[in-house]
Amino acid sequence: MEGAFILEKLILVVIVFTISLVIAMYSTLAERKIAGFMQDRHGPNRAGFGGILQPLCDGGKFFFKEEIIPAGAHKPLFILGPTLAIITACISSAVIPWGQTLTIGGREVVLQVADINVGVLYIFGVVALGVYGIMLGGWASNNKFSLMGAIRAASQSISYEIPMGLSIIALLMVSGTLSMGDIVAQQSGFVNWNIWAQPLGFLIFMVCAFAECNRVPFDLPECETELIGGYHTEYSSMKLGLYMFSEYINMFVSSALMAALYFGGYNFPFMYELGLSQNWITIIGVLVFFLKIFGFIFFFMWVRWTLPRFRYDQLMGLGWKILIPLAIANIVLTAVVIVVKDTYF
Amino acid sequence: MNFWERMYLPAIVKGLGITIRHFFKKIPTVKYPEEQRPYSKNFRGLHSLKRDEEGRERCTACGLCALSCPAEAITMIAAERTKEEVNLYREEKYAAVYEINMLRCIFCGLCEEACPKEAIYLDGPHVTADYVRKDFIYGKDKLVEPAFDIRKLNPEKTN
């Protein structure tokens, strides 16, 4: 029993890990393709059919590039930076429920690596840890541009974690649980999706997710026009690749998070009315979940090629003066609605 | 700014609308090596040294093209035609060596205008890229148009 359980989880971990890496890999291609289409270009289309092998070529290039560690750099931390960035990016997918239960040979397999009862808190902890990779890398490079990028990353992620947490509090008031599995299970069907209960909360959460992923319009830590490359100015070879990769994995995970928390995760309309067996519901649910995730990834890229970067004071102003008051107002509003609903209906 | 403008959101939605419109637009890019745009009728490209109706080279190495060339891209060495070469060269004097430096040539077409024998025309495609400078000096092997049989070119006009 125990052995089978461990084996089952191990297989699930490997699958989730592989999927997130492959999606991150092909996000790079998708990003360039979408950038191309939005600018009336083709995007990369030479490597393989329609550019399908482009990520492999890029990865190969990263491995064969010369690896430079600057003379003034703090070597252990310089190496730790990208390592930490990619590890934190990868482990945050552990609590995301990918689907319901599959029955394989009389054994019920839950498609979630770990349904811990503080799943949301775990994700917040890991996301907050993620900025250490950038900070350490930027500081250890011994370069003023890198340091500037690291400082920006740190202050930006502190500023935007507050409204993100506050928007989640309102969501938790609606759902009444911190477990990711339960939050998604509550949103069965279509009308129960949290987006209908928390539209403002979702907007705040999404803006903060953009900021936490260091995506345009919040990519001030990188900011190639002012800071050359920001925190990864001094990085070369696969270390730079790991930073880029962790950015795309973060994007995948936060897309999954938005889909799971607000858009019903694996739930799809009429999932029980169609008369399908449980296994089929689960499989379609997983596909639907990934469809939602791809939708969000597309939205991330769509926004990237639409909006210019914020100025630094605008970024801080948006975080502290608009999003935090809005998030608090959202909590109050949610509380009032819940109380009114409980007393009068 | 009024309230709506300060919200940013309407402007952002508008911007997203513009980019998604471009996303579905037809892409004007031409995938060059596979697909080539047609040249215009008066396009001046790679030179070709012409042959006459009997397949003989028309150039008589008078040097007017080299003289007229503002970029000094053309050099030639003249030679006298022997008896056996009557079916190779139209005139008694011909260009034994005829070289155009494609890095110097500005494709102005003055050589074409200067030529009294209608021997040179800039009717080819682009000059293709190459790795070293010496490969851009095109000799007669690249410039002279391939030998042809005029009766096969216009079968209905000859018996």
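Bear in mind the structure is a predicted one, so any value in this text is a computation, not a measurement.

Enquirer: Could you give an account of the overall build of chain B, naming the residues involved and the relevant values?
Expert: Scanning chain B from terminus to terminus reveals six helices and five strands. Sequence-ordered secondary structure for chain B, helices as α and strands as β, is α-α-β-α-β-β-α-β-β-α-α. Relative to its length of 159 residues, chain B is extended, with a C-alpha radius of gyration of 26 Å against a globular reference of 15 Å. Relative to its full complement of 159 residues, chain B shows a buried share of 14%.

Enquirer: Could you give an account of the overall build of chain A, naming the residues involved and the relevant values?
Expert: In terms of helices and strands, chain A carries 12 helices and two strands. The order of α-helices and β-strands along chain A, N terminus first, is α-α-α-β-β-α-α-α-α-α-α-α-α-α. Taken over the C-alpha trace, chain A has a radius of gyration of 21 Å; the compact-globule value for 345 residues is 20 Å, and the two agree within 12%. Once the C-alpha set of chain A is aligned to its principal axes, its extents read approximately 65 × 50 × 45 Å. A buried classification covers 43% of the 345 residues belonging to chain A. Of the contacts made within chain A by residues no fewer than 6 positions apart, 79% connect residues no fewer than 24 positions apart.

Enquirer: Tell me about the packing of helix H2 (residues 54-64) of chain A against helix H10 (residues 237-262) of chain A, residues and numbers included.
Expert: All names here are of chain A. With their axes 6 Å apart at the nearest point, H2 and H10 run at an angle of 140° to one another. Considering the angle they form, H2 stands oblique to H10. Touching Gly-59, Phe-62 and Phe-63 of H2 are Ser-237, Met-238, Leu-240 and Gly-241, all from H10. When the residues that make up the contact of H2 with H10 are grouped by side-chain class, the tally is four nonpolar, three polar and no charged.

Enquirer: For the sheet that holds strand S2 (residues 74-80) of chain B, give the residues involved together with the corresponding values.
Expert: Residue and element names in this part refer to chain B. The three strands lie next to each other as S2-S3-S5, forming an open sheet whose pairing is antiparallel. The sheet is open, and its two edges are formed by S2 and strand S5 (137-138), each paired on a single side. With two bridges connecting them, strand S3 (residues 93-101) and S5 associate as antiparallel partners. From the neighbouring strand, Asn-101 faces S5, where its bridge partner is Ile-137.

Enquirer: Talk me through helix H8 (residues 199-212) of chain A; I want residue IDs and the actual numbers.
Expert: Residue and element names in this part refer to chain A. For H8, spanning 14 residues, the distance from its first C-alpha to its last is 20 Å, which sits close to the expected 20 Å at 1.5 Å a residue. Counting buried residues in H8 gives 10 out of 14 residues, a clear majority hidden from the surface. When we look at burial in H8, the residues that qualify are Gly-201, Phe-202, Ile-204, Phe-205, Val-207, Cys-208, Ala-209, Phe-210, Ala-211 and Glu-212. Lining the buried residues of H8 we find helix H4 (119-140), helix H5 (144-175), helix H7 (194-197), H10 and helix H12 (312-344).

Enquirer: Kindly report on the environment of Glu234(A), identifying the contributing residues and their values.
Expert: Residue and element names in this part refer to chain A. The topology assignment puts Glu-234 in the loop between helix H9 (224-227) and H10. Put simply, Glu-234 and Asn-142 are 92 residues apart on the chain and 8.7 Å apart in space, counted from C-alpha to C-alpha. Among all residues touching Glu-234, those that are not within four sequence positions of it are Pro-70, Ala-73, Ser-141, Asn-143 and Ser-146.

Enquirer: Which residues make up the nonpolar core, and what are the values?
Expert: In this structure, Cys208(A), Phe252(A) and Met258(A) are the most contacted members of the largest nonpolar core, which totals 80 residues. In terms of residue count, the dominant contributor to this core is H10(A) (15 residues). Residues Tyr98(B), Ile100(B), Cys111(B) and Ala119(B) belong to the second largest nonpolar core, which totals 16 residues.

Enquirer: Would you mind going over unusual backbone geometry in detail, with residue names and values included?
Expert: What is expected of a backbone is that most residues other than glycine have negative phi and most peptide bonds are trans. Residues and elements named next belong to chain A. The phi dihedral of Asp-40 is positive, around 60°, even though this residue is not glycine. Note that Asp-40 resides in the loop between helix H1 (2-38) and H2. On the basis of neighbour count, Asp-40 is assigned to the partly exposed category, with 13 C-beta atoms found within 10 Å. Of note in the backbone geometry, Asn-214 takes a positive phi value of approximately 55° without being a glycine. Within the secondary structure, Asn-214 sits in the loop between H8 and H9.

Enquirer: How would you sum up the confidence of the model for chain A? Please name residues and give values.
Expert: When pLDDT is averaged along chain A, the result is 84; 100% of the residues meet or exceed 70. Looking across chain A, the model is least confident in H9(A), with a mean pLDDT of 74, and most confident in H8(A), with 88.

Enquirer: Tell me about the pairing of strand S2 (residues 107-110) of chain A, residues and numbers included.
Expert: Residue and element names in this part refer to chain A. Pairing of strand S1 (residues 101-104) with S2, which is carried by four bridges, proceeds in the antiparallel orientation. Bridge pairing links Thr-101 to Val-110 in S2. Following S1, the chain reverses through two residues before pairing antiparallel with S2; Gly-105 in that reversal takes a positive phi of roughly 60°.

Enquirer: Describe H1(A), and please don't skip the residues or the numbers.
Expert: A rise of 1.5 Å per residue sets the reference length of H1(A), with its 37 residues, at 54 Å; its end C-alpha atoms lie 51 Å apart and thus fit the reference within 8%. Considered for burial, the residues of H1(A) that qualify are Ser20(A), Ile23(A), Ala24(A), Ser27(A), Leu29(A), Lys33(A), Ile34(A) and Met38(A). Buried-residue contacts for H1(A) involve H2, helix H3 (75-91), H10 and helix H11 (278-304) of chain A together with helix H2 (9-23) of chain B. Immediately downstream of H1(A), the backbone of Asp40(A) shows phi near 60°, a positive value.

Enquirer: Report on the environment of Lys152(B), specifying residues and quantitative values.
Expert: All names here are of chain B. Looking at the element boundaries, Lys-152 is found in helix H6 (residues 150-153). Take Lys-152: there are 8 C-beta atoms within 10 Å of it, and that puts it in the exposed class. The sequence separation of Lys-152 and Gly-63 amounts to 89 residues, and the corresponding C-alpha distance is 32 Å.

Enquirer: Before we move on, could you go through the packing of H1(A) against H2(A) and cite the residues and values that matter?
Expert: Residue and element names in this part refer to chain A. Contact pair H1 / H2: the axes reach a minimum separation of 9 Å and the direction vectors enclose 105°. Judged by the angle between their axes, H1 and H2 are roughly perpendicular. Packed against H1, whose contacting residues are Met-25, Tyr-26, Thr-28 and Leu-29, the element H2 presents Gln-54, Pro-55 and Asp-58 at the interface. Residue classes in the contact of H1 with H2 are distributed as four nonpolar, two polar and one charged.

Enquirer: Which residues make up the environment of Glu224(A), and what values go with them?
Expert: Within the secondary structure layout, Glu224(A) lies in helix H9. Given 11 C-beta atoms within 10 Å, Glu224(A) falls into the exposed group.

Reading guide: rules and limits
- Residues numbered from 1 in each chain as written.
- Chains lettered and ligands numbered in written order.
- Predicted model: local features only at pLDDT ≥ 70, side-chain atom pairs only at ≥ 80, totals over all residues.
- Helix = DSSP H or I, 4+ residues; strand = E, 2+ residues; numbered from the N terminus.
- Rg over C-alpha atoms; globule rule 2.2 N^0.38 Å.
- Buried ≥ 20, exposed ≤ 12 C-beta atoms within 10 Å, placed from the backbone.
- Contact = placed C-beta atoms within 7 Å.
- Axes fitted to C-alpha atoms, helices over the stretch in contact; angles between N-to-C directions.
- Parallel < 35°, antiparallel > 145°, perpendicular 65-115°, else oblique.
- Nonpolar A, V, L, I, M, F, W, Y, C, P; charged D, E, K, R; others polar.
- Pairing = 2+ DSSP bridges.
- Expected span 1.5 Å × (residues − 1).
- Core = buried A, V, L, I, M, F, W, Y, C linked by C-beta atoms within 7 Å.
- pLDDT = per-residue confidence, 0-100.

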